[in-house]
Amino acid sequence: MRSYEIMVIVHPDVDDRQVAGVVEKPLEGLKAAGGTVDNIEHWGRRRLAYDIQKKSEGVYSVINVTAEPDVVKELDRQYTLNEQIMRTKVLRPDLHH
């Protein structure tokens, strides 16, 4: 098992009250596969460095998880399939000193 940091950028049209659900729902699969969710930080709306899908802002969340690589890959795939999510980025914090 390895630790990962996953940044999720939710589409700005999604209601702020729904963001947590959009971000956290796919984590059920990760937990079911034996992974753990160590921390979730909802950063809220931020301006993007460059437009994504013609949008200049997104709603950021950062999730720290511990899981097997294939479980994290599946989680990332779930996020990618969700049209309410504009972008995800998976990092291995232990590799970035």
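Now for a description of the structure that goes with this document. Since the structure is predicted, the reported quantities are computational estimates derived from the model, not experimental observations.

### Topic: the side chain of His-11
1) Next: Take His-11: it is sitting in the loop between strand 1 (2-10) and helix 1 (16-24).
2) Next: Residue classification places His-11 among the buried residues on the basis of a relative accessible area of 13%.
3) Next: Setting aside anything within four residues of it in sequence, one finds His-11 in contact with Gln-53, Lys-55, Val-59, Glu-83, Gln-84, Ile-85 and Met-86.

### A few points about the nonpolar core
Most often, soluble globular proteins keep nonpolar side chains buried together rather than apart.
1) Next: Counting residues in hydrophobic clusters, the biggest one holds 19 residues, and the most contacted among them are Ile-6, Val-8, Val-10, Ile-63, Val-65 and Tyr-79.
2) Next: At the level of elements, strand 1, helix 1, helix 2 (27-32), strand 3 (55-67) and helix 3 (69-81) are the ones that each hand at least two residues to this core.
3) Next: Ranked by size, the runner-up nonpolar core spans five residues in total, among them Ile-9, Leu-48, Ile-52 and Met-86.

### Thoughts on the packing of aromatic side chains
1) Next: Counting across every chain of the model gives one aromatic pair.
2) Next: Ring plane angle 15 degrees and centroid distance 6.3 Å describe the contact between Trp-43 and Tyr-60, whose orientation is recorded as stacked. Linking Trp-43 in strand 2 (residues 36-52) with Tyr-60 in strand 3, this pair joins segments that are 17 residues apart in sequence.
3) Next: In this structure Trp-43 comes out as partly exposed when scored by relative accessible area, which is 35%.
4) Next: A residue is classified by how much of its surface remains accessible, and Tyr-60, at 13% relative accessible area, is buried.
5) Next: Here the basic side chain of Arg-92 rests over the ring of Tyr-4, its NZ or CZ set 5.7 Å away from the ring centre.

### Notes on unusual backbone geometry
1) Next: Positive phi values are uncommon outside glycine, yet Gln-53 reaches one of about 50 degrees.
2) Next: Summarising the element assignment, Gln-53 is placed in the loop between strand 2 and strand 3.
3) Next: Under the relative-accessibility criterion, Gln-53 is labelled partly exposed at 48%.

### Brief notes about the pairing of strand 2
1) Next: Sheet topology places strand 2 next to strand 3; 11 bridges connect them, and they run antiparallel. Its bridge partner lying in strand 3, Ile-40 is registered against Ile-63.
2) Next: Between strand 2 and strand 3, which pair antiparallel in sequence order, lie two residues; one of them, Gln-53, sits at a positive phi of approximately 50 degrees.

### Section: the sheet that holds strand 2
1) Next: Across the sheet, which stays open at both edges, the four strands sit in the order 2-3-1-4 with antiparallel pairing between neighbours. Edge positions in the open sheet fall to strand 2 and strand 4 (85-91), since each of these has one partner strand only. Taking each pair of neighbouring strands and ignoring which way they run, the sheet shows an average axis angle of 20 degrees.
2) Next: Contacting strand 1, strand 2, strand 3 and strand 4, helix 1 runs over the sheet at an angle of about 120 degrees to strand 2.

The rules behind each value
Residues numbered from 1 in each chain as written. Predicted model: local features only at pLDDT ≥ 70, side-chain atom pairs only at ≥ 80, totals over all residues. Heavy atoms only, no water. Helix = DSSP H or I, 4+ residues; strand = E, 2+ residues; numbered from the N terminus. Buried < 20%, exposed > 50% of the residue type's maximum accessible area, 1.4 Å probe, protein only. Contact = heavy atoms within 4.5 Å. Core = buried A, V, L, I, M, F, W, Y, C linked by side-chain atoms within 4.5 Å. Phe/Tyr/Trp six-rings, centres within 6.5 Å; stacked < 30°, edge-to-face > 60°. Lys NZ or Arg CZ within 6 Å of the ring centre and 35° of its normal. Pairing = 2+ DSSP bridges. Axes fitted to C-alpha atoms, helices over the stretch in contact; angles between N-to-C directions.

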